[in-house]
Amino acid sequence: MRKNIVAGNWKMNKTYQDAQALVSEIDNMVKDEVSGDNVEVIVTPPFPFLHSISKLIQGNSRMHLAAQDVSAHESGAYTGEVSASMLKSVGVEYVLVGHSERRQYHNEDADLLLKKMKAALAQGIKPIFCCGEPLEVREADDHFKYVAQQLRETVAHLSNEEFDQIVIAYEPIWAIGTGRTASSAQAQEMHASIREELSRLFNAEAAYNKTILYGGSANPGNAKELFAQPDVDGGLIGGASLKSRDFTDIIKSF
Ligand SMILES: O=C[C@H](O)COP(=O)(O)O
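Residues numbered from 1 in each chain as written. Predicted model: local features only at pLDDT ≥ 70, side-chain atom pairs only at ≥ 80, totals over all residues.

1. Structural notes on the overall build of the chain
Line of reasoning, step 1. Across its full length, the chain carries twelve helices and eight strands.
Line of reasoning, step 2. Scaling as 2.2 N^0.38, a compact globule of 254 residues should have a C-alpha radius of gyration of about 18 Å, and the chain matches this with 17 Å.
Line of reasoning, step 3. Its C-alpha atoms give the chain principal-axis dimensions of roughly 45 × 45 × 35 Å.
Line of reasoning, step 4. Restricting to contacts in the chain with at least 6 residues of sequence separation, those with at least 24 account for 72%. (Helix = DSSP H or I, 4+ residues; strand = E, 2+ residues; numbered from the N terminus. Rg over C-alpha atoms; globule rule 2.2 N^0.38 Å. Contact = placed C-beta atoms within 7 Å.)

2. Topic: the environment of Phe-227
Line of reasoning, step 1. Tracing the chain through its elements places Phe-227 in helix H11 (residues 223-227).
Line of reasoning, step 2. Along the chain, Phe-227 and Ile-250 lie 23 residues apart, while their C-alpha atoms are 9.5 Å from each other.
Line of reasoning, step 3. In this view, Phe-227 contacts Val-232, Gly-234, Ser-253 and Phe-254; residues no more than four positions away in its chain are not counted.

3. Here we look at the packing of helix H1 (residues 16-33) against helix H12 (residues 244-251)
Line of reasoning, step 1. Remark: H1 packs on H12, axes separated minimally by 9 Å, with the N-to-C direction vectors making an angle of 35 degrees. Relative to H12, the crossing made by H1 is right-handed. Judged by residue contacts, Leu-22, Glu-25, Ile-26, Met-29, Val-30 and Glu-33 of H1 engage Ser-244, Phe-247, Thr-248 and Ile-251 from H12.
Line of reasoning, step 2. A breakdown of the residues in the contact of H1 with H12 according to their chemical character gives six nonpolar, two polar and two charged. (Axes fitted to C-alpha atoms, helices over the stretch in contact; angles between N-to-C directions. Left-handed = near helix turned anticlockwise from the far one by under 90°. Nonpolar A, V, L, I, M, F, W, Y, C, P; charged D, E, K, R; others polar.)

4. Quick look at the pairing of strand S6 (residues 167-170)
Line of reasoning, step 1. Burial along S6 is two-sided: Val-167 and Ala-169 and Ile-168 and Tyr-170, pointing in opposite directions, are all buried.
Line of reasoning, step 2. Looking at chain direction, strand S5 (residues 126-131) and S6 are connected through four bridges and run parallel. Of the residues in S6, the one forming a bridge with Phe-129 is Ile-168.
Line of reasoning, step 3. In this structure, S6 lies alongside strand S7 (residues 212-214), joined through three bridges in parallel fashion. By the bridge assignment for S7, Ala-169 is matched with Leu-213. (Buried ≥ 20, exposed ≤ 12 C-beta atoms within 10 Å, placed from the backbone. Pairing = 2+ DSSP bridges.)

5. A word on H12
Line of reasoning, step 1. For H12, the complete set of buried residues consists of Phe-247, Thr-248, Ile-250 and Ile-251. With its buried residues spanning 155 degrees around the axis, H12 presents them on a single face.
Line of reasoning, step 2. Of the surrounding secondary structure, the elements contacted by the buried residues of H12 are strand S1 (5-9), H1, strand S2 (40-44), H11 and strand S8 (234-237). (Arc of directions from axis to C-beta.)

Right under this line is the structure:
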């Protein structure tokens with residue numbers, strides 16, 4: 001059964017105090033204003049805040065915790081890295097893998113992304129695998145092929161059981177933090193194309209059940225239309241997830 005998810009990626013923002021305040025506000029607003037159980041909420045704070053936020057959201061079954069990155073290694077002499085078992089031990093349930101900012105600024109390639117997904121999955125942490133094309137690829141009308149290739153060189157190498165555990169996030173790079181959102185039609189056609197590719201790589205049922213999130217300048221003003229698309233199952237929200245009111249309104253767009 002396909003799950004609706006709204007995930008907030010805080011990126012490198014907030015101090016400890018600000019993070020506590022933000023997540024308390026979101027937690028309260030979700031408790032007070034979000035009824036039914038048709039949407040799962042994920043917050044993705046920076047590493048130092050994971051443990052305290054895990055405790056803070058413990059009593060709210062709708063709220064879940066993600067990390068922004070995970071090491072491909074199990075443990076050992078990897079200064080600065082954080083392992084999947086460490087994340088697991090502080091209550092992390094999901095982890096972002098393949099975000100365009102990690103691909104761009106940290107040169108993360110397909111081989112590393114696959115290792116990171118496998119490392120997370122081995123600990124029972126669900127990867128949120130991000131894909132999406134840069135502007136020049138969209139302008140050359142090669143975006144469907146480009147994203148399909150991103151899936152073929154990573155996700156395709158998971159077992160059926162591993163694939164069942166992951167979430168996909170489509171984030172056109174030209175829409176991230178730019179205020180230039182993909183139109184709901186552009187999002188829908190890419191999500192449908194991703195689902196078709198997943199169906200070819202795995203099977204139709206697994207592809208149908210896969211949660212595919214949209215990310216890129218989503219906000220309370222455009223979320224409803226985006227989430228109304230048949231193949232858009234929620235959002236990976238950057239900027240708007242840093243404001244409790246905006247983030248909650250996006251959650252309420254379902
Ligand atoms: O991970 C989130 C995305 O990069 C979207 O960021 P944005 O909502 O600020 O455009």
